[in-house]
Amino acid sequence: MEHKFTKNFPEMEILPLTSRVTQGRLSIGGCDLHNLAEEFGTPLYIYDEETIRLICKDFIREFSHCYEDVKIEYSTKAFSNPSVNRIIDEEGLHIDVVTGGELAIAIASNFPANRINFHGNNKSEHELIEAIEYGIETITIDSFHEIFLLDKILKSKSKKQKVMIRVSPSIDPHTHLLTTTGILDSKFGFSIETGDAEKAISQIMKLDFFDLLGVHFHLGSPIFELDPYQQAIDYVITFSSRMRDLYGLNLRRFSPGGGFAIGYVTNELPPKISDYARIISESVKKGCDKYKFDYPELIVEPGRAIVGRSGVAIYSVGAIKEIPDVRTYVSVDGGMGDNIRPAIYGSQYSVIPVGKINHKWDNKVTVAGKFCESGDILARDVFLPELSSGDLLALPSSGAYCIGMSSNYNMQVRPAVVLVNNGVPKLIKRRETYKDLLETSLNID
Ligand SMILES: *Cc1c(COP(=O)(O)O)cnc(C)c1O
């Protein structure tokens, strides 16, 4: 992406697009990070509205440039929040939800039902009813159990529902095993290889209340390579042509999922959105030309890539423990409760010394969280200036799957979240309190 913003140090490449350093102080969206930390406390998550909007526009522009009929669908599980949903709505994107809870947030944001898709490998009957009652556009079917449940609900309501089917193409996108979803050994989707996908399509095509629009797959995330998309699209379109010949499947819609990578560290930067757009569009057109399909409507589903870069976590340094000749632990006031990714995926993060950017970053330290787990490490062996208790540290690329995956482990309250724009911070999620922790457990006999 090319934007007008200046580069001061390598990490600017992965910080929100409005990040600036003036006189050694870092600001985002026109808000000085020290001031934000003072006003809202730490740990604090900051989201830059302009970055979210620019990235939404980039996705629409780059994909529309390569493919005529394309929709961008934000996966709200990356960060589900009413204010962010509002921005996504204003930018004209669609969204997907994977639970009744995410749907409730979408409904509370007044998100238009005709731009919502329901994903997930084990939707309950209750969740399906909630989705149908809100009138959401599509449900992406993931299992035989779901076909059964949905058929029962639709019959009882005499209602026709647009659906997609999630297939699994047995293709490995070479990301972390725990974030790989399109291989044979996966809980997600109907496997093409085992014949389940064919069986499901033959069933769905016979059901009166199902309007099957097309086929969806999602390989995993984050995917730094372009090749897996090409291979999977080719394979799934070949499969779709067989389903057309055998069962009359009409491929009106096609979705190669999401999984687009973002930069977490400066030496591993992702392909550009335009690269993903080009490879996906070309592969879809090529497959459709080969099997004489009209070009279907294309749905791409970025989650991480929409909000990841806009978010930054701010922590305060507390205890510093130096173990001579071993390592120095710099502990901060958050950790795996608000960002579990390093602990479960071994994810790497860059760390920025907010108030000491102009100092020499020549001190190797390990930034640890405050949770009672040795695995609660946010960044191992990173180079930072000499730090003191009270210093602020920022973790870029914290907008996706951090707050979204947060927990109350150790009865730690979840951080506040602030949306910044044009120098104005807006609290979009308040810090939890001890009262919040007690509320679910008190007065229960
Ligand atoms: C999680 C998910 C996405 C979004 O993945 P990102 O890596 O955040 O882009 C898209 N589609 C489906 C079906 C998903 O489960």
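Keep in mind that what you see is a predicted model, and the values were worked out from it rather than measured.

Turning our eyes to something else, we now look at the pairing of strand S14 (residues 311-323). Bridging between strand S4 (residues 44-48) and S14 involves four bridges; their strand directions are antiparallel. Across the sheet, Tyr 45 pairs through a bridge with Ala 313, a residue of S14. Count of turn residues in the S14/strand S15 (residues 327-332) antiparallel hairpin: three residues, of which Asp 325 carries a positive phi of about 65 degrees.

This part takes up the environment of Thr 175. One can find Thr 175 in the loop between strand S9 (161-168) and strand S10 (190-191). Ignoring any residue separated from it by four or fewer positions in sequence, one finds Thr 175 in contact with Thr 180, Ser 221 and Pro 222.

Partitioning the protein chain into structural domains gives domain 1 (2-41 + 310-438) and domain 2 (50-307). If you average the C-alpha positions of domain 1 and of domain 2, the two centres end up 32 Å apart. Counting from both sides, the interface comprises 30 residues of domain 1 and, opposite them, 23 residues of domain 2. When the two sides are added together, the surface that domain 1 and domain 2 hide from each other amounts to roughly 2,400 Å², 60% of it contributed by carbon and sulfur. Of all residues in domain 1, Ser 310, Tyr 345 and Tyr 401 give up the largest surface area on contact with domain 2, accounting jointly for 25% of the area buried on that side. The interface formed by domain 1 and domain 2 includes zero salt bridges.

Our focus in this paragraph is the pattern of salt bridges. Scanning all chains against the criterion turns up 25 salt bridges. Between Glu 125 and Lys 152 there is a salt bridge, with its nearest N and O atoms 3.4 Å apart. With Glu 125 in helix H5 (residues 125-134) and Lys 152 in helix H6 (residues 144-157), the pair connects residues that are 27 residues apart, well separated along the chain. Overall, Glu 125 belongs to the partly exposed group, its relative accessible area being 31%. Look at Lys 152 and you get partly exposed, because its relative accessible area is 40%.

The next point concerns the environment of Leu 387. Within the secondary structure, Leu 387 sits in the loop between strand S18 (377-384) and strand S19 (392-395). On the basis of relative accessibility, which here comes to 11%, the residue Leu 387 falls in the buried class. Residues Leu 387 and Val 365, 22 residues apart in the sequence, show an inter-C-alpha distance of 9.6 Å. If near-sequence neighbours (up to four positions away) are discounted, Leu 387 is found in contact with Ile 320, Val 330, Lys 356 and Leu 393.

Our next topic: the nonpolar core. Soluble globular proteins tend to pack their nonpolar side chains together in the buried interior. Core analysis: the biggest nonpolar cluster contains 104 residues, and Phe 63, Tyr 74, Ile 88, Ile 280, Ile 306, Val 307 and Val 367 have the highest contact counts within it. Each of domain 1 (2-41 + 310-438) and domain 2 (50-307) contributes no fewer than three residues to this core. The residues touching Val 307, leaving out its near neighbours within four places in the chain, are Tyr 47, Ile 52, Tyr 74, Ala 78, Phe 79, Val 84, Gly 399 and Ala 400. The next biggest cluster of nonpolar side chains, apart from the first, holds 23 residues, and it includes Leu 15, Cys 31, Phe 40 and Ile 352.

Each value, and the rule that gives it
- Residues numbered from 1 in each chain as written.
- Predicted model: local features only at pLDDT ≥ 70, side-chain atom pairs only at ≥ 80, totals over all residues.
- Heavy atoms only, no water.
- Pairing = 2+ DSSP bridges.
- Helix = DSSP H or I, 4+ residues; strand = E, 2+ residues; numbered from the N terminus.
- Contact = heavy atoms within 4.5 Å.
- Domains from an automatic or database assignment.
- Buried area = accessible area lost by both parts, 1.4 Å probe.
- Salt bridge = Lys/Arg side-chain N within 4 Å of Asp/Glu carboxyl O.
- Buried < 20%, exposed > 50% of the residue type's maximum accessible area, 1.4 Å probe, protein only.
- Core = buried A, V, L, I, M, F, W, Y, C linked by side-chain atoms within 4.5 Å.

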